[in-house]
Amino acid sequence: MTPTGCPEYNPFDDAVLEDPFPTYATMRTACPVHRFDGHQPAFYTAFTYADVVQVVMNRDDWTARYGLSPRFQRGVGFNTDGPEHVKFRRAVVAGLKPRAIEALKPEIDTLVADLIAEMKRHGPGDFHDLFASPLPVAVIAKLLGVTGDTDRFKELSDALMVEGMNSTDPAGFQQIVAELDDYWNDQLAPRRQALASVDDPGLEHLGTVVPDDLMSTLLVFTADDGRRLSDFEITNSLMNLLLAGNETTTSLLTNLVWRLLEEPGRWAALVADRSLIDTAIEESLRFDAPVLGMFRTSLHEVELDGVTIPAKSKIQANYAAANHDPDVFTAPDEFRLDRDPDELRAHLAFGRGAHVCPGAQLSRIETRIAINALLDHFPTLTLDGTPERIAPFNFWGRRTVPVSW
Ligand code: HEM
């Protein structure tokens, strides 16, 4: 049952999808915890900053074990909690540590320069297709250590986005996962062969026996109990990294460029003062969170903001609504390049707690390098039409951003 006094709210409604923030503002005051029955299973949504933090931080009441999406999923990999999650996460995110990202910076510089040269050759067009979509895929390919047919990698990665986030057809998704698994296994084969000659493969063999990249890290990782990752855990982690890292970083780039161009003077302000770039990135993350919300499941009956939620209920921790909560942010519906740094640090675009995004620094660095170069090469960049929204209901980014210069 919907908590009493709640206005109508349907997260799949066209009007909400188009611009969810006015609806979030209504919900935060009129119905901070809402139950939506138009989805199978029904799910709750937490809209206020305090409730969202409660859902993601209170692990006595809420778990990630049934998946981070609105549907019930298998409790493996990132869909776990406690020591099992810590061990798994440590293995997968080893390649996202500052040392690895620092080493990647010159490669990101080159990728950005190549895309800018391509934009110039192409002439005015869609910033999403020309720049924001290809960059994160190319960066993740470097990080993982993909070699050989990178066009096939981009093709599979794009297909995964379409099937994984936009489609309601599980068969299509399974098909792409199977094709990706073949691709991963081809990539992993030479590494597995090289490690076969080593007695006890470990992190010390990175950069000597096998290349020092994320794919090799997954192969040599040993959990505290001595267990190695299973083949399923390895390919599943690789797929999750693609799903979690690509569209989100693309959305950060499209949302940021859109907001900087929609208001006269913002782009020029950054051209003149590059120290504003980091504030602009954080304000974009706060204002337009690329992940509108992620899900948890109640472990038992839970009382949240006066609403009784039964055991085994799905709830969306709505990060985007929390980021516009006036209890935490001054004039939350204004995009401000002079926002207080303490307020910016409080945004929840990367989540919080045990599942906080391990790719946050990578996407920030990538975006910083990209925006700096775009300001250098396109100081008169202008919006040339109305950007359109990406399709998935719980993600927020632009599918098109027409620009000219
Ligand atoms: C602007 C870009 C990004 C945004 C906004 C973003 C957002 C998020 C959010 C909100 C979560 C927390 C999910 C939850 O609460 O359940 C998350 C988790 C995650 N992100 Fe990101 N992400 C971004 C980029 C990346 C990148 C570049 C990577 C990897 C290369 C990545 C990998 C992951 C992984 C593996 C998780 C799951 C962590 C866990 O469950 O322990 N993300 N991300």
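None of the values given here were measured: they were computed from a predicted structure.

Tallying secondary structure elements over the protein gives 16 helices and 12 strands in all. Relative to the 2.2 N^0.38 estimate, which gives 22 Å for 405 residues, the radius of gyration of the protein is 21 Å and therefore close to what a compact globule would have. Dimensions of the protein, computed from C-alpha atoms along their principal axes, come out at roughly 65 × 55 × 40 Å. Here the protein, with 405 residues, has 55% of them falling under the buried criterion. Here the contacts in the protein between residues at least 6 apart in sequence split such that 68% fall between residues at least 24 apart. Accessible area of the protein: about 17400 Å², with a carbon and sulfur share of 52%.

It is worth spelling out the site of the ligand at this point. Taken together, 26 residues sit near the ligand, with His85, Arg296, Tyr319, His355 and Cys357 positioned nearest. The contact in question runs from an oxygen atom of the ligand to an N or O atom on the side chain of Arg89, over 2.8 Å. Measuring from an oxygen atom of the ligand, one finds a side-chain N or O atom of Arg296 at 2.8 Å. When residues of the shell around the ligand are assigned to their parent elements, the largest contribution, six residues, is made by helix H11 (residues 231–262). The residue inventory of the shell around the ligand, partitioned by class, reads 16 nonpolar, eight polar and two charged.

Following the criterion strictly, the structure yields 24 salt bridges and no others. Residue Asp37 pairs with Arg35 through a salt bridge whose shortest N-O separation is 2.9 Å. Residue class for Asp37 comes out partly exposed when judged on its relative accessible area of 43%.

Once that is clear, we can look at the nonpolar core. Considering soluble globular proteins, one finds that nonpolar side chains tend to be buried as a cluster. Counting residues in each nonpolar core, the largest one holds 98 residues, and the members touching the most others are Phe127, Phe131, Leu144, Phe153 and Trp184. Examining the composition of this core, we find that 13 residues originate from one element, H11, more than from any other. Apart from the residues within four sequence positions on either side, Phe127 is in contact with Met119, Ala132, Leu253, Thr254, Val257, Leu374, Val401 and Val403. If you look at the next biggest cluster of nonpolar residues, it comprises 20 residues, including Val33, Trp62, Ile315 and Ala346.

Moving on to the coordination of the iron atom of the ligand. Only one protein atom coordinates the iron atom of the ligand: Cys357 (SG), located 2.3 Å from the metal. One can find Cys357 in the loop between helix H15 (341–345) and helix H16 (360–377).

The method is simple in principle: a probe with the dimensions of a water molecule rolls over the atoms, and the space it marks as empty is what remains. Put simply, the second largest pocket is a space of about 400 Å³. As for the second largest pocket, its lining consists of 18 residues, and the residues nearest its centre are Ala94, Gly95, Arg99, Ala100 and Asp212. Looking at the lining of the second largest pocket, the elements with two or more residues in it are helix H5 (98–122), helix H7 (134–144) and helix H10 (214–220). When residues in the lining of the second largest pocket are grouped by element, the largest group, five residues, is from H5. Of the residues assigned to the lining of the second largest pocket, the class counts are nine nonpolar, two polar and seven charged.

This structure, assessed with the given rule, holds one disulfide. Here Cys6 pairs with Cys31 through a disulfide, and the sulfurs are 1.8 Å apart. Here the disulfide of Cys6 and Cys31 is right-handed, its torsion about the S-S bond being about 75°. Of this pair, Cys6 sits in the segment before helix H1 (14–18) while Cys31 is found in the loop between helix H2 (21–30) and strand S1 (33–36), placing the two residues 25 residues apart along the sequence.

Another point: the sheet that holds strand S9 (residues 382–383). One open sheet holds the three strands; their spatial order is S4-S12-S9, and the pairing between them is antiparallel. Both edges of this open sheet fall to strand S4 (125–126) and S9, since each of them pairs with a single strand only. Here S4 pairs with strand S12 (residues 402–404) via two bridges, running antiparallel. In the strand pairing of S12, Asp126 is matched with Pro402.

This paragraph deals with helix H13 (residues 277–287). Of all the 11 residues making up H13, 10 are buried; the element is thus mostly covered by neighbouring parts of the structure. Among all positions of H13, only Ile277, Thr279, Ala280, Ile281, Glu282, Glu283, Ser284, Leu285, Arg286 and Phe287 are buried.

Let's shift gears to a negative patch on the surface. On the surface, a cluster of negative charge is contributed by Asp13, Asp14, Glu18 and Asp19. Taking the relative accessible area as the measure of exposure, Glu18 reaches 53% and is therefore exposed.

For Leu238, the location among the structural elements is in helix H11. Since its relative accessible area comes to 0%, Leu238 is described here as buried. Note: C-alpha distance between Leu238 and Leu111 (127 residues apart in sequence) is 21 Å. With near-sequence residues (within four places) excluded, Leu238 lies in contact with Leu144, Trp184, Met215 and Leu218.

In helix packing, the relevant descriptors are the interaxial angle and the interaxial distance, both defined with respect to the helix axes. Running from amino to carboxyl end, H7 crosses H11 at an angle of 145°, the nearest separation of the two axes being 8 Å. Remark: the crossing between H7 and H11 carries right-handed chirality. Along the contact surface, H7 presents Leu135, Pro136, Val137, Ile140 and Leu144, while H11 presents Leu238, Leu241, Leu242, Gly245, Asn246, Thr249, Thr250 and Leu253. Each residue belonging to the contact of H7 with H11 can be placed in one class, and the counts come to nine nonpolar, four polar and no charged.

Conventions used here
- The numbers attached to residues start from 1 for each chain and follow its sequence in the written order.
- Local features in this predicted model are restricted to residues of pLDDT 70 or higher, and side-chain atom pairs are both shown and tallied only at a pLDDT of 80 or more, whereas totals for entire chains, interfaces and linings draw on every residue.
- Hydrogens and waters are ignored; side-chain quantities use all the structure's heavy atoms.
- For helices the rule is a DSSP run of H or I covering at least 4 residues; for strands it is a run of E covering at least 2, with both sets numbered from the N terminus onward.
- Here the globule rule is a power law, 2.2 Å times the number of residues to the power 0.38, and the radius of gyration is based on C-alpha atoms.
- The cut-offs for exposure are 20% and 50% of the maximum accessible area for each residue type, with area from a 1.4 Å probe on protein chains only; residues under the lower value are buried, those over the upper are exposed, and the others partly exposed.
- Throughout, a residue-residue contact means that at least one pair of heavy atoms, one from each residue, lies within 4.5 Å.
- Using the Shrake-Rupley algorithm and a 1.4 Å probe, accessible areas are obtained, with residue cover drawn only from the displayed protein chains.
- A cutoff of 4 Å decides nearness: a residue is near a molecule or strand if any of its heavy atoms lies inside that distance of it.
- Here a polar contact is taken to be a pair of N or O atoms separated by no more than 3.5 Å, where protein atoms must pair a possible hydrogen donor with a possible acceptor and residues adjacent in sequence count only if both atoms sit in side chains.
- Side-chain classes follow a simple rule in which Ala, Val, Leu, Ile, Met, Phe, Trp, Tyr, Cys and Pro form the nonpolar group, Asp, Glu, Lys and Arg form the charged group, and the remainder, Gly included, forms the polar group.
- For this document, the term salt bridge refers to a Lys or Arg side-chain nitrogen within 4 Å of an Asp or Glu carboxyl oxygen.
- Side-chain atoms within 4.5 Å are what join buried Ala, Val, Leu, Ile, Met, Phe, Trp, Tyr and Cys residues into a set we call a nonpolar core.
- In this analysis a donor is any N, O or S atom within 2.8 Å of a metal ion (3.2 Å for sodium, potassium and calcium), and since water is not included, sites may seem incomplete.
- Here a cavity denotes a set of grid points, spaced 1 Å apart and computed over the protein atoms alone, in which a 1.4 Å probe fits but from which it cannot get out, and a pocket denotes an open set meeting protein on both sides within 12 Å along at least five of seven lines; residues with an atom within 4 Å of a point are reported as lining.
- Grid points are joined across faces, edges and corners, and a volume is the space filled by probe spheres set on the points.
- Cysteine sulfur atoms that come within 2.5 Å of each other are treated as a disulfide pair.
- We treat two strands as partners when DSSP finds at least two bridges between them.
- Each patch is built from residues that are more than 30% exposed by relative accessible area and take part in no salt bridge. Like charges join if they lie within 9 Å; nonpolar side chains (Val, Leu, Ile, Met, Phe, Trp, Tyr) join within 5 Å.
- By the counting rule applied here, Lys and Arg register as positive and Asp and Glu as negative, while His and the ends of each chain are not counted.
- Charge positions come from single atoms, namely NZ of Lys, CZ of Arg, CG of Asp or CD of Glu.
- Only the stretch in contact is used when a helix axis is fitted, and all axes are lines through C-alpha atoms; the angle between N-to-C directions ranges over 0 to 180 degrees.
- Here a crossing is called left-handed whenever its near helix is offset anticlockwise from the far helix by less than a right angle, and right-handed whenever the offset is clockwise.

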